[in-house]
Amino acid sequence: MNPQAKLIFAISLLLGTTITISSHHWVMAWAGLEINTLAILPLISKSHHPRAIEAATKYFLVQSAASALVLFSSMTNAWHTGQWDITQMTHPTSSLILTSAIAMKLGLVPFHFWYPEVLQGSPLITGLLLSTIMKLPPITLLFMTSPSLNPTFLTVMAILSAALGGWMGLNQTQIRKILAFSSISHLGWMAIVLVYNPKLTLLNFYLYALMTAAVFLTLNSMKVLKLTTLMTAWTKAPSLNAMLLLTLLSLAGLPPLTGFLPKWLIIQELTKQDMAPAATIISLLSLLGLFFYLRLAYCTTITLPPHTTNHMKQWHTNKSTSILIAVLTTTSITLLPIAPMILTAI
């Protein structure tokens, strides 16, 4: 792809995200979401492979439907209350429609079907954008409307997302699909605590974005897309593989690592809100996710002799990417000890 075109799409992505995050009026938020959608479509379909074109078409249709629902819910709210302000979403039907629309944009169950397919059809860097920056505007909208959302609806969607995200990731061999289902189950954790402590949802999203960025960039630098190629990738960069193992365990939420922090805080908050059964269920469901993370980690560290199939040999790595991977991997492993400082900041 032409570098100038790439630059325009990157700037449009940043612009759309910024407009949505900083807007007070529903129409401005909607415009930001539309700019984002239009900017990511060429990045999904740039390889011209039939899978990529299919992924871009699915993404466009789903996001258009979700954007239409966002406009519809805000108009319904304006008819009933006379308010176009994002924080004044007080009409119950409007807030239900809005929750469904944003769940569709994020890929929460039961609106998740498009997400693994789109991620599988996209290149790894575009997959990283879809998993992190494209989720920021919808989550911000949920954050701003959180006082008027329906807690029961969100809790049901969250538990279903954690269940399906873990369950459907078990049998996958394609790494992008595994990461898509991992994203769905993480979104479940974010949604369950949204009404009770919205700042925790944002903290969870930031840490998830950090860890996912580390995983995607590592896989991109090793040119790995399937579990079978991951098994022989240790010959290219053994130390990077060892760090990928720790990052994956952090994504799974194992205690000494960064990924444990949001889960611990969310379980604590749910227990405070007399939602111990929900906390127990979602904690047990995260064990499903732990299984496929361990499977990925096992494939990462397994030392099979490299077989004769052709895979790209790496003579040198991109220096700027290496530094970024080093910083992201370090933060996604070691942030747990500074939890008290993070807690005082939020």
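Residues numbered from 1 in each chain as written. Predicted model: local features only at pLDDT ≥ 70, side-chain atom pairs only at ≥ 80, totals over all residues. Heavy atoms only, no water.

The name given to the protein chain in an unreviewed UniProt entry is NADH-ubiquinone oxidoreductase chain 2, with the source organism recorded as Prunella rubeculoides. Checking UniProt for the protein chain, the heading Subcellular location (unreviewed entry) contains the comment "Mitochondrion inner membrane". A UniProt comment under Catalytic activity (unreviewed entry) is attached to the protein chain, and it reads "a ubiquinone + NADH + 5 H(+)(in) = a ubiquinol + NAD(+) + 4 H(+)(out)". (UniProt positions renumbered as here; feature names shortened; annotations may be inferred.)

A.B. asks: Go over the UniProt feature "transmembrane region" (unreviewed entry) in the protein chain with me, naming the residues and quoting the values.
C.D. replies: UniProt annotation of "transmembrane region" (unreviewed entry) refers to residues 56-75, 95-115, 152-171, 178-196, 202-219, 240-261, 281-302 and 323-343 when read in the numbering used here. Between the end C-alpha atoms of residues 240-261 the distance is 24 Å, and the span holds 68% helix and 0% strand. In residues 281-302, the share of helix is 95% and the share of strand is 0%. The end C-alpha atoms are 32 Å apart. (Helix = DSSP H or I, 4+ residues; strand = E, 2+ residues; numbered from the N terminus.)

A.B. asks: Just give me the short version of a nonpolar patch on the surface, but keep the residues and values in it.
C.D. replies: On the surface, a nonpolar cluster with roughly 410 Å² of combined accessible area is contributed by Val27, Met75, Trp79 and Trp84. Structurally, valine 27 is set in helix α2 (residues 26-44). Look at valine 27 and you get partly exposed, because its relative accessible area is 36%. (Patch = residues over 30% accessible without salt bridge, like charges linked within 9 Å, V, L, I, M, F, W, Y side chains within 5 Å. Areas by Shrake-Rupley, 256 points an atom, 1.4 Å probe, with all protein chains shown as cover. Salt bridge = Lys/Arg side-chain N within 4 Å of Asp/Glu carboxyl O. Buried < 20%, exposed > 50% of the residue type's maximum accessible area, 1.4 Å probe, protein only.)

A.B. asks: If you had to explain the nonpolar core to someone new, which residues and values would you point to?
C.D. replies: Formed by 101 residues in total, the largest nonpolar core has its most connected members in Tyr59, Leu219 and Leu230. At 14 residues, helix α10 (residues 198-222) tops the list of elements feeding residues into this core. Beyond its immediate sequence surroundings of up to four residues, leucine 230 is in contact with Ile175, Leu219, Met222, Val224, Asn241, Leu244, Leu296, Cys299 and Thr300. (Core = buried A, V, L, I, M, F, W, Y, C linked by side-chain atoms within 4.5 Å. Contact = heavy atoms within 4.5 Å.)

A.B. asks: Just give me the short version of the pattern of salt bridges, but keep the residues and values in it.
C.D. replies: One pass over the full model with this rule turns up four salt bridges. Close ionic contact of lysine 58 with glutamate 117 constitutes a salt bridge, the shortest N to O distance being 4.0 Å. Linking lysine 58 in helix α3 (residues 50-81) with glutamate 117 in helix α5 (residues 114-121), this pair joins segments that are 59 residues apart in sequence. In this structure, lysine 177 and glutamate 117 form a salt bridge, with 3.3 Å as the shortest nitrogen-oxygen distance. Taken as a pair, lysine 177 in helix α9 (residues 175-192) and glutamate 117 in helix α5 lie far apart in primary sequence, 60 residues in all. By relative accessible area, which is 17% here, lysine 177 ends up buried.

A.B. asks: Before we move on, could you go through the environment of proline 256 and cite the residues and values that matter?
C.D. replies: Residue position: proline 256 is located in the loop between α12 (238-252) and α13 (260-272). Given a relative accessible area of 62%, proline 256 falls into the exposed group. In the structure, proline 256 is positioned 72 residues away from leucine 328 in sequence and 17 Å away in space, judged by C-alpha atoms. Not counting the four nearest positions on each side in its chain, proline 256 is found in contact with Ile333 and Leu336.

A.B. asks: I'd like a description of the UniProt feature "domain: NADH:quinone oxidoreductase/Mrp antiporter transmembrane" (unreviewed entry) in the protein chain, backed by residues and values.
C.D. replies: Mapped onto the present numbering, the UniProt feature "domain: NADH:quinone oxidoreductase/Mrp antiporter transmembrane" (unreviewed entry) falls on residues 23-288. The span residues 23-288 shows a helical share of 75% and a strand share of 0%, and its end C-alpha atoms are spaced 38 Å apart.

A.B. asks: So, the packing of aromatic side chains: which residues are in play, and what are the values?
C.D. replies: Taken as a whole and assessed by the stated rule, the structure comprises five aromatic pairs. Here the aromatic residues Tyr59, Trp114 and Tyr115 are joined through ring pairs into a cluster of three or more. (Phe/Tyr/Trp six-rings, centres within 6.5 Å; stacked < 30°, edge-to-face > 60°.)

A.B. asks: Describe α2, naming the residues involved and giving the relevant values.
C.D. replies: Along its 19 residues, α2 runs 27 Å from first to last C-alpha, staying within 8% of the 27 Å computed at 1.5 Å per residue. Considered for burial, the residues of α2 that qualify are Trp26, Ala29, Gly32, Leu33, Asn36, Thr37, Ala39, Ile40, Leu41, Leu43 and Ile44. Where α2 is buried, its residues contact α1 (3-22), α3, α4 (92-106), α5, α6 (124-131) and α7 (136-145). (Expected span 1.5 Å × (residues − 1).)

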